[in-house]
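Structural overview
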Amino acid sequence: MDGTFTQNDIRHIVEADKAHVWHHLTQHKPFETSDPRIILEGKGMRVWDQNGKEYIDAVSGGVWTVNVGYGRENIAKAVYDQLMKLCYFAQSAGSIPGSLFAEKLISKMPGMSRVYITNSGSEANEKAFKMVRQIAHKKYGGKKYKILYRDRDYHGSTLAAMSAGGQDERNAQYGPFAPGFVRVPHCMEYRKEELGLGHLSGRDFGIAAANLIEEVILREGPETVGALCLEPVTAGGGVITPPDGYWERVQEICRKYDILLHIDEVVCGIGRTGTHWFGYQHYGIKPDFVTMAKGVASGYAAIACCVTTEEVFEMFKDNAEDPLDHFRDISTFGGCAAGPAAALENMRIIEDENLLENCTAMGERLMGNLRALMDKHAVIGDVRGLGLFCGAELVADRETKEPVSESQVAQVVAECGAQGVIIGASNRSVPGRNNTLCFSPALIATADDIDAITQAVDAALTRVFG
Ligand SMILES: Cc1ncc(COP(=O)(O)O)c(C=O)c1O
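What this report covers is the structure whose coordinates are included nearby. All values derive from a computational prediction rather than experimental measurement. Residue numbering note: each chain is counted from 1, following its sequence as written. Side-chain atom pairs in this predicted model are given and counted only at pLDDT of 80 or more, local residue features only at pLDDT of at least 70, and totals for whole chains, interfaces and linings cover all residues. Calculation of side-chain values draws on the structure's entire complement of heavy atoms; hydrogens and water are dropped beforehand.

1. A look at the packing of helix H12 (residues 355-376) against helix H14 (residues 447-465)
- Their axes nearest at 10 Å, the elements H12 and H14 cross at an angle of 25°. For the element pair H12 / H14, the angle class is roughly parallel. Seen from above, H12 lies across H14 with right-handed handedness. On H14, the residues touching Met362, Arg365, Leu366, Asn369, Leu370, Leu373 and Lys376 of H12 are Ala447, Ile450, Asp451, Thr454, Val457 and Asp458.
- Classes in brief: Ala, Val, Leu, Ile, Met, Phe, Trp, Tyr, Cys and Pro nonpolar; Asp, Glu, Lys and Arg charged; the others, Gly included, polar. Tallied by class, residues from the contact of H12 with H14 come to seven nonpolar, two polar and four charged. To define axes, lines are fitted to C-alpha atoms, for helices over the stretch in contact only, and angles between the resulting N-to-C directions are given on a 0 to 180 degree scale. For the purposes of this entry, the term helix denotes a DSSP run of H or I that reaches at least four residues, the term strand denotes a run of E that reaches at least two, and both are numbered from the N terminus. Each angle gets one of four labels, with under 35 degrees taken as roughly parallel, over 145 as roughly antiparallel, 65 to 115 as roughly perpendicular, and the rest as oblique. Put simply, a crossing is left-handed when the front helix is turned counterclockwise from the back one by less than a right angle, and right-handed when it is turned clockwise. Two residues form a contact once any of their heavy atoms are found within 4.5 Å.

Following this line, the structure appears as structure tokens:
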């Protein structure tokens, strides 16, 4: 820490937090007798809390966001310069960083063409849902309005995004939800017995898991299904990498029934999965919508996007005489010019520093280290991941795959924290399945950082499980 804060300043900050701040996804009762963690500073892969304790941040800001690491002067400067030139104008007009960012983003997304800028992942997903609904009216007399989403996937915290939410613990007590959202089964090979597909493996399993989506489409009536919304790799639902053959078959099914494919890249996007800019690009998919948020500007400014094809875009200008025919939607803060200014610089850093390549190499190291820990710790039932985006599922028994308790998972996370490493875990997501440790270090991670993270996990598992 740079020593800017006195002890009094820090106490004041903690007390003000305890008195007035409502933390996200947090039960506040424990703070009646203890202090919440307050992060004061960050540099590179590291952050410091109110006690001056240094941590390696193995989750990029807690929720897989700060892809290029903390303290990037170039992004701060780009944002400063832009704010001095023009802080804001509604996106009904254009802006310099908006144009340049859209051009740059599309150059990384062959087949895609239009960028609709907004300010959160939930909102980006809602834009796609609204486009699907409007297309249903424009092309199909309102009939093809249903949106399919997958068990264990998450698409955001607003009500329509939750209506597409496959995590029942996130949704509990917040219903009723919007009609017209229909759930399809997950595709997790480790828990294939839940799908009745225990007898299949590899590509056969992947195709069969995708066929479960087709069954839902046929049950609902293909003429009523407008879109399928999926995460390329499920994030908070347990870091679920798709099985071989899955995406190919999903794409085939969408084409067969004229269903738009919406890929939620809020976590996977902008390099998180390594080698490619987006998760879907690993699988040769041609989506109709791609939504993204977190890593777009690495948290230096709030920006999210819903990206579509020219074909989708064309549908919204083919009847210019009708005053209701275009996309009648606006996001006030989608016009904040700091967002695309930060996003442009963020992409430049990823290119200049070869972070897609580093992400692949360090992701392989992280997966290798975690897999090696399986030999020592029977409690690790499965390790999954792609790039610097990995999960380790903890089970009480490898045979039955019974999850360890949530309090044991919390103890592992706390033990890592005590050693100066912040890791994550699936949190209030799928009932009985909040048992996956999550890792998503910044794309700048070095081999030493990765080894320090997995050494902390090793020691934490020994302390909690022996
Ligand atoms: C896959 C996915 N989609 C959407 C969202 C929602 O993004 P936001 O919190 O920016 O609204 C999240 C957030 O964690 C996410 O993980």
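2. Considerations on the site of the ligand
- Contacts to the ligand come from Ser120, Gly121, Ser122, Asn125, Tyr154, His155, Gly156, Glu231, Asp264, Val266, Val267 and Lys294.
- The backbone of Gly121 places a nitrogen or oxygen atom 2.8 Å from an oxygen atom of the ligand.
- Pairs of N or O atoms within 3.5 Å make up the polar contacts considered here, provided that, within protein, one atom can donate a hydrogen while the other can accept it, and that residues adjacent in sequence are counted only when both atoms are side-chain atoms. In this structure, an oxygen atom belonging to the ligand sits 2.9 Å away from a side-chain N or O atom of Lys294.
- Element by element, the count of residues in the shell around the ligand is highest for helix H5 (residues 121-140), at three residues.
- Residue composition of the shell around the ligand, by class: three nonpolar, six polar and three charged. Whether a residue is near a molecule or strand depends on its heavy atoms: if one lies within 4 Å, it is near.

3. Remarks on H12
- To estimate how far a helix should extend, the number of its residues minus one is multiplied by 1.5 Å. In this model, H12 (22 residues) spans 31 Å end to end at C-alpha, consistent with the 32 Å of a helix rising 1.5 Å per residue.
- Think of it in three bands: residues with accessible area under 20% of the maximum for their type are buried, residues over 50% are exposed, and the middle band is partly exposed, with areas taken using a 1.4 Å probe on protein chains only. Those residues of H12 that sit buried are Leu355, Leu356, Cys359, Met362, Gly363, Leu366, Met367, Leu370, Leu373 and Met374. Projected down its long axis, H12 shows its buried positions confined to an angular sector of 145°, all on one face. Along H12, the residues that are exposed and aim more than 90 degrees away from the buried face are Glu364, Asp375 and Lys376.
- Those residues of H12 that are buried lie in contact with helix H11 (338-352), strand S11 (380-385), strand S12 (390-397), strand S16 (436-439) and H14. As used here, the arc belongs to the directions running from the helix axis to the C-beta atoms.

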